[in-house]
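The residues making up each chain are set out below.
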Amino acid sequence: MTTARPSVGAGLESDIPHPEKYVFRTFASALLIVGSVSNTATAGAFGIEMGTPLVDLKVVGVFDDLSPVKSYDIRVPAPNPDFGIYTVDLSPRTGVCRIYAVSRNYPNDQSGAQIKAVYSRVKADLVRKYGQPAQQNQRPATRNFATSLHTDESNLTSGWIPNGGKADDVRAIHLMATAPDSSTTALMIAYAFTNDDACADLEAEAEGAGL
């Protein structure tokens, strides 16, 4: 089944933003330059292990994408109550190399009170597991918080590098608040596995094809 936009699941708004894997890849690369790291061992995310092949996933939607690394919305073995949509990037050669989760939308959250509370709770859970983030950024809003997030005038992000990016599976983690419009907010978390470089190489090869 191939669609331009994957199913978002029952009870979730259809306009929840899809994670941008290229933005995350840039963020993860920047994280690896930072010296502070967590020394906590990791094992997959949401019950999905690095390298999991497509045949072993419960797929609910696939993006119509010509890239050799495709994105699939899936049902995960170990969902988190703060998130409702789960997406993986994978190729036949690498299996799963990235996983993203997005919360439900928080409407009428111009002040950002709802998303800040959820962000703080999820961040605290991550700190307990991985230690303090290697990088975090909270740029103050110049207008209402949701509008500032939507226009990239403000941000609310944290990033971790488990074991300096040399863990058995998780290379980097990125938590961020997002805003699909000027009054609605949502939360996204992204994990890059240590085979992410192999996926990035495949994507770079495809982008350079035909030159």
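Residues numbered from 1 in each chain as written. Predicted model: local features only at pLDDT ≥ 70, side-chain atom pairs only at ≥ 80, totals over all residues. Heavy atoms only, no water.

(A) Expanded view of the nonpolar core. Membership of the largest hydrophobic core comes to 35 residues, with the highest contact counts inside it found for Phe 46, Ile 99, Ile 189 and Tyr 191. For this core, the elements supplying multiple residues, two or more each, are β2 (70-75), β3 (85-91), β4 (95-102), α2 (113-130), α3 (145-150), β6 (155-160), β7 (170-178) and β8 (186-193). The biggest single contributor to this core is α2, with 6 residues. Listed in part, the 6 residues of the second largest apolar core include Tyr 100, Met 176, Met 188 and Ala 190. (Core = buried A, V, L, I, M, F, W, Y, C linked by side-chain atoms within 4.5 Å. Buried < 20%, exposed > 50% of the residue type's maximum accessible area, 1.4 Å probe, protein only. Helix = DSSP H or I, 4+ residues; strand = E, 2+ residues; numbered from the N terminus.)

(B) Just the side chain of Asp 109, in detail. Relative to the helices and strands, Asp 109 is located in the loop between β4 and α2. Lys 116 provides the closest opposite charge to the buried, unpaired Asp 109, separated from it by 8.4 Å. The residues touching Asp 109, leaving out its near neighbours within four places in the chain, are Gln 114, Ile 115, Ala 146, Ser 183 and Thr 185. (Lys, Arg positive; Asp, Glu negative; His and termini not counted. Salt bridge = Lys/Arg side-chain N within 4 Å of Asp/Glu carboxyl O. Contact = heavy atoms within 4.5 Å.)

(C) Main features of the packing of aromatic side chains. Counted according to the given criterion, the structure contains 3 aromatic pairs. Note on Phe 46 and Tyr 86: the rings are 5.0 Å apart at their centroids and 65° apart in plane angle, and the pair reads as edge-to-face. Note that Phe 46 is positioned in the loop between α1 (21-33) and β1 (58-62) and Tyr 86 in strand β3, a separation of 40 residues in sequence. When the ring of Phe 46 is compared with that of Tyr 191, the centres are 5.7 Å apart and the planes differ by 85°; the resulting orientation is edge-to-face. Here the residue Phe 46 occupies a position in the loop between α1 and β1, and Tyr 191 occupies one in strand β8, the gap between them amounting to 145 residues. (Phe/Tyr/Trp six-rings, centres within 6.5 Å; stacked < 30°, edge-to-face > 60°.)

(D) How the structure looks around the state of the cysteines. A complete count under the given rule lists 1 disulfide for this structure. The disulfide partner of Cys 97 is Cys 199, and the gap between their sulfur atoms is 2.1 Å. The disulfide joining Cys 97 to Cys 199 has a torsion of about -110° about its S-S bond and is therefore left-handed. With Cys 97 in strand β4 and Cys 199 in helix α4 (residues 196-207), this pair connects stretches of sequence that are 102 residues apart. (Disulfide = S-S within 2.5 Å.)

(E) Broad picture of the sheet that holds strand β5 (residues 135-139). Strands sit in the order β1-β2-β3-β4-β8-β7-β6-β5 across an open sheet of 8 strands; the sheet is antiparallel. Lying at the two open borders of the sheet, with one neighbouring strand each, are β1 and β5. Pairwise comparison of adjacent strand axes, ignoring direction, gives a mean angle of 20° for this sheet. In terms of strand pairing, β7 meets β8 through 8 bridges, oriented antiparallel. The residue bridging Thr 178 from the neighbouring strand is Ala 186, located in β8. The sheet strands contacting α2 are β5, β6, β7 and β8, and the helix crosses β6 at an angle near 10°. The strands that α4 touches are β3, β4, β7 and β8; relative to β4, the one it contacts most, it runs at about 95°. (Pairing = 2+ DSSP bridges. Axes fitted to C-alpha atoms, helices over the stretch in contact; angles between N-to-C directions.)

(F) Region of interest: the confidence of the model for the protein chain. Across the protein chain, the average pLDDT comes to 79, with 73% of residues at or above 70. The model gives residues 1-42 a pLDDT under 50, and that stretch makes 111 contacts with residues more than four places away or in other chains. (pLDDT = per-residue confidence, 0-100.)

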